[in-house]
Structure formats: structure tokens, C-alpha cells
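Breakdown of the fold
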Amino acid sequence: SPDLCSVSPKILVPATNETLELALGSQVALNCTVRWVAAEHCEPVPVWTKDGQWLGSESSQDTAWFAQNASEWLLASILQLNLTHDADFGVFACWVSNATATFTLRRVEAAGHMPAVLAALLVLALLVLLAGLYVRCRLSVLLWYRNRYGELEINDGKLYDAYISHATAPDDRKFVHFIVKPQLENRYGYKLFLDEQTILPNLEPSADLIMNVSRCRRLIVVLS
């Protein structure tokens, strides 16, 4: 027969019988490349089979011949496959004269997006929970830290922690000087700015008032 060679062509690709695990919907190109002696008076023609059945002209096959050197020839046959059904998987064989290369295609389940979506939702829920805890418990955490480890270092250019404004009435002065101030300054270590200047509604604040308030982190107004 003109397509049979006395010396079998050598399979170059694949080097061994190849097994591919692919997901449904994949596209794959099976490469069968052989080398044979140019002096052989034979015409190798590649033929593809699937599960022992010949693949006809309806299959997508590309074949190329070229000379490697003066004494050897190469033949490459490419079989293009679209794995859209379970029946598209199986054992494919490339026959070139009396040489054979085998490809086994197995279906594997494609990794779904559900684990990634669940992980993203879990991270988002955790961030929302942490943000809620921060907003709800920020003051308690700061006070706990202050009581346990001392004052937090704050480099905001402020000279005082709070500006306390109260009326000159005796009751207000007693409340501020004997209750508020000892608690905040002596017990908790806050630095206070006390002001007995009366702040009346609908009046333009003085320059001194604006400057003093700007030096403090908080404003506390004692209403009587």
C-alpha cells in the first residue's frame, strides 16, 4: 500500500499517550506530529478515530507537510474539537501509516462562581459588622483605652480637650468647678477651657470667643 512505510514514522507529538481533563464547553486542538525517512517511498496520510470509529470529513482537521532536512520529513495533523456535549469526550487516535498517537479526553466539572460569591458576601458582611461596632462602640473603646493605657496622643494642634461655656450664676459655677471639672480633669485627665462669658442667641460671637473655641476639640455648654 502506498501509505504504509517499511520503517514506521516516529511520533513526535504527543511524546506519550496524552490524557486531557476538560470542562464542558471547552475548545481543544489535538496536535499529532510525526517524522519519517524521506527515502521511504510511501505517502503517510493521517487518519483520526474516536472510540474506534473513523472521523469523516465533517471533523475539523488541518494537515501540513514540510521537510526538516534532506533526509527527513515532518507531518503535522491538527484536530479541532468543540466539547459541547458529553458525547464529544472519549478516546481519540491519530493514525499515520503504521504509527498511532492516542488522546483521552475526560470531562471535569468547571469550578463555579458560587464559592467566590459566598466568600465576597461573607467579607462584606464582616466589614459591615465591624463598621457598625466601630460607630456604636467607638466612644466606649476610647474610654476603655484611656482608663487602661492612659491618654491617646493626638497631634491635631488643639490646646484643650473641651471648651466649657456656662453662665455666671452661682449654681452654674458650683456645678462646673466642683462637679464637672474634677471629674473630667482630675479623674479622666482632660484639659478644659472654662469660660463664663454669656453666649446669647442671635448675637455675633466675638473674635476672642471664636479663637478660644477653635483651640478646643469639643464644646460643652451648660444650660441653666
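Below, the structure is looked at part by part.

What counts and what doesn't
Residues numbered from 1 in each chain as written. Predicted model: local features only at pLDDT ≥ 70, side-chain atom pairs only at ≥ 80, totals over all residues. Heavy atoms only, no water. Helix = DSSP H or I, 4+ residues; strand = E, 2+ residues; numbered from the N terminus. Buried < 20%, exposed > 50% of the residue type's maximum accessible area, 1.4 Å probe, protein only. Contact = heavy atoms within 4.5 Å. Areas by Shrake-Rupley, 256 points an atom, 1.4 Å probe, with all protein chains shown as cover. Polar contact = N/O pair within 3.5 Å; in protein donor to acceptor, adjacent residues only side chain to side chain. Core = buried A, V, L, I, M, F, W, Y, C linked by side-chain atoms within 4.5 Å. Pairing = 2+ DSSP bridges. Axes fitted to C-alpha atoms, helices over the stretch in contact; angles between N-to-C directions. Phe/Tyr/Trp six-rings, centres within 6.5 Å; stacked < 30°, edge-to-face > 60°. Lys NZ or Arg CZ within 6 Å of the ring centre and 35° of its normal. Expected span 1.5 Å × (residues − 1). Bend = angle between axes of the 7 residues up to and from the residue. Salt bridge = Lys/Arg side-chain N within 4 Å of Asp/Glu carboxyl O.

**Quick look at the overall build of the protein**
When you go through the protein residue by residue, the secondary structure sums to three helices and 12 strands. Looking at the protein residue by residue over its 224 residues, the buried ones come to 27%. In the protein, of all internal contacts separated by at least 6 residues, the share reaching a separation of at least 24 is 68%. Total accessible area on the protein stands at roughly 15400 Å², and carbon and sulfur atoms take up 59% of it.

**Considerations on the side chain of Asp161**
Within the fold, Asp161 resides in strand β10 (residues 160-165). One polar contact links Asp161 to Arg217, side chain to side chain, over a distance of 2.7 Å. When neighbours within four sequence positions are excluded, Asp161 is seen to be in contact with Gly189, Tyr190, Lys191, Arg217 and Arg218.

**Points about the nonpolar core**
Counting residues in each nonpolar core, the largest one holds 22 residues, and the members touching the most others are Val28, Leu30, Leu81 and Leu105. Counting residues per element, the ones that place at least two in this core are β2 (18-23), β3 (27-37), β7 (72-82), β8 (90-96) and β9 (99-108).

**Regarding the sheet that holds strand β12 (residues 216-221)**
The strand order β11-β10-β12 describes an open sheet built from three strands, whose pairing is parallel. The sheet terminates laterally at β11 (192-195) and β12, the two strands that pair on one side only. Ignoring strand direction, the axes of neighbouring strands in this sheet form an average angle of 20°. Pairing geometry for β10 and β12, over five bridges, is parallel. Each bridged residue has a counterpart across the sheet, and for Tyr160 the counterpart in β12 is Cys216. Packing against the sheet, helix α2 (residues 170-187) makes contact with β10, β11 and β12, and its axis sits at approximately 165° to β11.

**Some remarks on the packing of aromatic side chains**
Tallied over the entire structure, the rule returns three aromatic pairs. Pairing Trp48 with Phe103 gives two aromatic rings, centres 5.8 Å apart and planes at 35°, and the pair type is tilted. Separated by 55 residues along the polypeptide, Trp48 in strand β4 (residues 46-50) and Phe103 in strand β9 bring together distant segments of the chain. The pair Trp48 / Phe103 is uniform in exposure class, with both members buried. One residue, Lys191, lies across the ring of Tyr160, its end atom 5.2 Å from the ring centre.

**Re α2**
Helix length check: α2, at 18 residues, gives a terminal C-alpha distance of 24 Å against a target of 26 Å (1.5 Å per residue), a fit within 8%. Within α2, the axis deviates most sharply at Lys181, by approximately 45°, and proline Pro182 lies no more than four positions further along. For α2, the set of buried residues is Asp172, Val176 and Val180. A positive backbone phi angle near 80° is found at Gly189, which sits one or two residues after α2.

**Things to note about the pattern of salt bridges**
Scanning the model with the defined rule gives four salt bridges in all. For Arg107, the salt bridge identified is with Asp86, shortest N-O distance 2.3 Å. Placement of the pair is Arg107 in strand β9 and Asp86 in the loop between β7 and β8, with a sequence separation of 21 residues. You can call Arg107 partly exposed: its relative accessible area is 34%. Across the pair Asp161 and Arg217 runs a salt bridge, and its minimum N-O distance is 2.7 Å.

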